[in-house]
Amino acid sequence: MFRAIADVLRQIGGAVATVVTLPFRALARLFGGASSSGRRGGRRPRHV
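All of the points below concern the structure found in this document.

Thresholds, definitions, all that
Residues numbered from 1 in each chain as written. Predicted model: local features only at pLDDT ≥ 70, side-chain atom pairs only at ≥ 80, totals over all residues. Heavy atoms only, no water. Helix = DSSP H or I, 4+ residues; strand = E, 2+ residues; numbered from the N terminus. Buried < 20%, exposed > 50% of the residue type's maximum accessible area, 1.4 Å probe, protein only. Areas by Shrake-Rupley, 256 points an atom, 1.4 Å probe, with all protein chains shown as cover. Salt bridge = Lys/Arg side-chain N within 4 Å of Asp/Glu carboxyl O.

Of regular secondary structure, the protein possesses one helix and zero strands. Relative to its full complement of 48 residues, the protein shows a buried share of 4%. For the protein, the accessible surface area stands at approximately 4,800 Å², while carbon and sulfur atoms represent 66% of it.

See the structure below:
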C-alpha cells in the first residue's frame, strides 16, 4: 500500500517538474538555438 502511494507521489512529482521546467527549456532552445545555428552552418551567409 505504501509503495503504491509512493509511486503515485513520484509520478505527480515528475509531472510537476516537467511542467515547471518546460518554459525554461523553451527559452534555452530559443536563445541557444539562435546563437548556435550560425556556428553549425545551418544558415548560409548572405554575402556568399
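Before going further, it helps to spend a moment on the pattern of salt bridges. Overall, the coordinates contain one salt bridge when judged by the stated rule. We note a salt bridge from D7 to R10, for which the minimum N-O separation is 2.8 Å. Of the two residues, D7 and R10 are both situated in helix 1 (residues 2-40); the distance of three residues between them amounts to about one turn of the helix. For R10, a relative accessible area of 57% translates into the label exposed.

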